[in-house]
Amino acid sequence: MKALAILRQEHSALAAILHGLEFIGAKLERGEHFDLKVLRAMLFYIDSFPDRFHHPKEDGYLFPTIQKRTGAADAVIAKLEDEHHQGMLAIRVVEQRLLHYEEGGAAYATALAESLHGYIESYRRHIRTEEEVLLPIAEQVLQAEDWRELDSVFTGHRDPLLGLDARQGFERIFTHIVSIMPAPLGVGPAN
Ligand SMILES: [Fe+2]
Ligand SMILES: [Fe+2]
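Keep in mind that what you see is a predicted model, and the values were worked out from it rather than measured.

Points about helix α5 (residues 144-154)
Argument step 1. Burial in α5 covers these residues: D146, W147, L150, D151, V153 and F154. Seen from one end, α5 has its buried residues packed into an arc of 165 degrees, which puts them on one side. Along α5, the residues that are exposed and aim more than 90 degrees away from the buried face are A144 and R148.
Argument step 2. The inward-facing, buried residues of α5 abut α1 (3-30), α2 (36-69) and α4 (109-141).

Listed below in structure tokens is the structure:
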């Protein structure tokens, strides 16, 4: 698979998890029961997959390769890099509020739902900026040799941490989440 297709596929996996988080956030706001282990599994995925597997491809390889060819994307790249950092901090807040909710109960539901909502909105905006602003610039300015280099890194030939073994680890977690998420989002039991 080629670099662009890999990035888009990873965005789709992230979008599916964000959708699941939104579903649980809505249940929280309505005071409806949901399975905490599903929320924990999704938070684990969205906390680890981007920082260890997805953002390094962008920060370490895609962004600098674009900047080697053009300065036109400098502002948007600075914004995206900052959002990677902010996202890492924001998910810590969600996790902390989940702890409060687990120990403190319903009084903490709104705070958790609000942090989830903010996180989901920001991450969706981030992915949209990459897909609609940055990737089109990449398609315009990158040369065949740049794509060969990115393909080789993203398929793990140059950086094993970004390759197939790591991908399969995250795919197993994703499959597990789908198996425990209730319908219509997954195939797990209704709760
Ligand atoms: Fe990103
Ligand atoms: Fe991305």
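A closer look at the environment of S48
Argument step 1. Within the secondary structure layout, S48 lies in helix α2.
Argument step 2. The spacing of S48 and G71 is 23 residues in sequence and 31 Å in space, taken between C-alpha atoms.
Argument step 3. When sequence neighbours within four positions are dropped, the list of residues in contact with S48 reads F53 and F170.
Argument step 4. Here the side chain of S48 touches F44 through a polar contact of 2.7 Å, landing on its backbone oxygen.

Some details on the coordination of the iron ion (ligand 2)
Argument step 1. Coordination of the iron ion (ligand 2) by the protein involves H11 (NE2), H54 (NE2), E58 (OE) and E130 (OE), with metal-donor separations of 2.0 to 2.2 Å.
Argument step 2. Between the four donor atoms coordinating the iron ion (ligand 2), the angles at the centre fall across 84 to 176 degrees, so the site counts as irregular.
Argument step 3. Along the chain, the residues donating to the iron ion (ligand 2) are arranged with the sequence spacing H-x42-H-x3-E-x71-E.

Concerning the coordination of the iron ion (ligand 1)
Tetrahedral coordination by four donors places them ideally at 109.5 degrees to one another around the metal; octahedral coordination by six donors ideally gives 90 or 180 degrees.
Argument step 1. Here the iron ion (ligand 1) is held by the protein donor atoms E58 (OE), H84 (NE2), H126 (NE2) and E130 (OE), which lie 2.0 to 2.2 Å from it.
Argument step 2. The site at the iron ion (ligand 1) holds four donor atoms, and with the angles between them running 85 to 173 degrees, its shape is irregular.
Argument step 3. Read N to C, the donor residues that coordinate the iron ion (ligand 1) are spaced as E-x25-H-x41-H-x3-E.

What counts, and at which threshold
- All residue numbers here refer to positions counted from 1 along the written sequence of the relevant chain.
- Ligands are numbered from 1 and chains lettered from A, in the order in which they are written.
- Owing to the predicted nature of the model, reporting of local features is limited to residues with pLDDT of at least 70; listing and counting of side-chain atom pairs is limited to 80 or more, with chain, interface and lining totals taken over all residues.
- Working from all heavy atoms in the structure, the side-chain values ignore hydrogens and water.
- When a residue's accessible area, from a 1.4 Å probe over protein chains only, is under 20% of the maximum for its type it is buried; when over 50% it is exposed; and in between it is partly exposed.
- A run of H or I in DSSP counts as a helix once it spans at least four residues, and a run of E counts as a strand once it spans at least two, with each numbered from the N terminus.
- Starting at the helix axis, one direction is taken to each C-beta atom, and the arc is that of these directions.
- The criterion used for residue contact is that any of the two residues' heavy atoms lie within 4.5 Å.
- Polar contact is the term for a pair of N or O atoms within 3.5 Å; when the atoms are in protein, one must be able to donate a hydrogen and the other to accept it, and sequence-neighboring residues count only if both atoms are side-chain atoms.
- The rule for donors is simple: an N, O or S atom within 2.8 Å of the metal counts, and for Na, K and Ca the reach is 3.2 Å. Water is not among the atoms, so a site may look short of donors.
- Square planar and octahedral assignments, for four and six donors respectively, both demand that opposite donors be over 155 degrees apart and that all other angles lie between 65 and 115; tetrahedral needs four donors with all angles between 85 and 135 degrees, and anything else is irregular.

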